[in-house]
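Residues per chain, in single letters:
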Amino acid sequence: MKDEYEMIFKAVVEGNVEGAEKLVSDSLMGGIMAGELLNQGLIRAMDEVGTRFERGDMYIPEMLVSAKAMKAGLSILRPYLVKEGIPAIGRVIIGTVKGDMHDIGKNLVTMMLEGAGFEVIDLGTDVAPEKFAEAVRKYSPDIVGLSALLTTTMQQMKNTIEAIDDLGTRDQVKIIIGGAPVTQEYSEKIGADGYAADASKAVNWAKAIPHSNSKVF
Ligand code: B1M
């Protein structure tokens, strides 16, 4: 394993934003391929972050800083990945449901999915069911992710799934839901395909389903 990969891995796991950015930039200048830096450095690091989080060796604030470092490195890499034609492993549309402004968890899930190699289209917060449905029609994602933090906005997840069902292409997309008040049982009740209790589990779930919409970054 090249030293550069190890240094990038360490910078991301330790949440060293400037370090990750500089190391990725220097490695590119040194002639290392962007795809290798992505897989051997950034994605491997976020896998490690997910594993440590699941073991209880890492907590949300640290995970957020690692995700930030990964994002900083990824922003340097992105134009080179386009040039190299490295495909994203799948396309995800994500958002916090209507009436709900909480976005820290949703942003964490987004960053972890990007770190795992997914293209993520983030619709933001307070996203109406029709807006999700419109985005599904426009972008044909593999996965739709819905986040809700309030018991009062959970119902919007059901409404959103119904709006997506109405498009008539429900078999082409998988829907995952998450957020503090959400449960596996609720996910089954409203017809979602999956539930994740945290960002790391959301990534594992997303990686495990088949993806047809891989596209260049
Ligand atoms: Co509000 N808030 N908040 N809040 N807030 C909660 C959720 C609450 C539990 C606090 C409490 O009373 N104890 C409570 C909800 C009660 C309930 O419904 N049962 C509450 C309330 C009541 C409110 C307001 C109504 C308060 C008011 O104005 N009276 C109001 C609502 C505004 C609105 O949305 N319309 C409100 C406002 C706010 C702030 C704006 C101040 C701020 C949000 C800032 C922001 O997000 N930009 C805020 C915050 C910060 C919180 C708490 C303190 C923290 C939430 C958080 O960011 N956690 C929260 C109390 C708490 O949870 N302890 C609370 C960290 C984050 C990383 O975790 O979001 O759970 P979480 O995400 C996790 C998992 O859930 C999962 O992965 C993430 C990472 O592991 N996950 C997914 C999340 N989405 C996923 C999607 C997936 C998969 C996994 O697939 C797509």
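Look up: the structure comes first, before these words.
An account of the accompanying structure is given in this report. None of these values were measured; they are calculated from a predicted model. (Residues numbered from 1 in each chain as written. Predicted model: local features only at pLDDT ≥ 70, side-chain atom pairs only at ≥ 80, totals over all residues. Heavy atoms only, no water.)

What follows is about the overall build of the chain. Broken down by element type, the chain carries nine helices and five strands. Start at the N end of the chain and walk to the C end: the helices and strands fall as α-α-α-α-β-α-β-α-β-α-β-α-β-α. Computed over the C-alpha atoms, the radius of gyration of the chain is 17 Å, within 12% of the 17 Å expected from 2.2 N^0.38 for a compact globule of 217 residues. Counting every position in the chain, which comprises 217 residues, the buried fraction comes to 50%. Of all intrachain contacts in the chain linking residues separated by at least 6 positions in sequence, the fraction that spans at least 24 positions is 75%. Accessible surface computed for the chain: about 10,100 Å², of which carbon and sulfur atoms make up 53%. Here the chain contributes 23 positive and 31 negative side-chain charges, whose respective centroids are spaced 3 Å apart. (Helix = DSSP H or I, 4+ residues; strand = E, 2+ residues; numbered from the N terminus. Rg over C-alpha atoms; globule rule 2.2 N^0.38 Å. Buried < 20%, exposed > 50% of the residue type's maximum accessible area, 1.4 Å probe, protein only. Contact = heavy atoms within 4.5 Å. Areas by Shrake-Rupley, 256 points an atom, 1.4 Å probe, with all protein chains shown as cover. Lys, Arg positive; Asp, Glu negative; His and termini not counted. Charge placed at Lys NZ, Arg CZ, Asp CG, Glu CD.)

Here we take up the pairing of strand 4 (residues 174–178). Within a regular strand, side chains alternate between the sheet's two faces. Judged by how many residues are buried, strand 4 sits mostly within the fold: four of five residues are covered. In this structure, strand 3 (residues 143–147) lies alongside strand 4, joined through five bridges in parallel fashion. Its bridge partner lying in strand 4, Ser147 is registered against Gly178. Regarding topology, helix 7 (residues 155–165) serves as the crossover connection from strand 3 to the parallel strand 4, and that connection is right-handed. In terms of strand pairing, strand 4 meets strand 5 (residues 194–195) through two bridges, oriented parallel. The residue of strand 5 that forms the bridge with Ile176 is Gly194. Crossover connection from strand 4 via helix 8 (residues 184–189) to parallel strand 5: handedness right-handed. (Pairing = 2+ DSSP bridges. Right-handed = clockwise from strand over helix to strand, strands pointing away.)

What follows is about helix 4 (residues 60–84). With 25 residues, helix 4 should cover 36 Å at 1.5 Å per step; its first-to-last C-alpha distance of 33 Å lies within 8% of that length. The principal kink in helix 4, of about 45°, is found at Leu77, preceding the proline Pro79 by one to four residues. Every buried residue of helix 4 is accounted for by Met63, Ser66, Ala67, Ala69, Met70, Ala72, Gly73, Leu74, Leu77 and Leu81. The secondary structure elements touched by the buried residues of helix 4 are helix 1 (3–13), helix 2 (17–29), helix 3 (34–55), helix 5 (104–115) and helix 9 (199–208). Gly85 sits one or two residues past helix 4 and shows a positive phi near 70°. (Expected span 1.5 Å × (residues − 1). Bend = angle between axes of the 7 residues up to and from the residue.)

Purely geometric numbers; function is a separate question.
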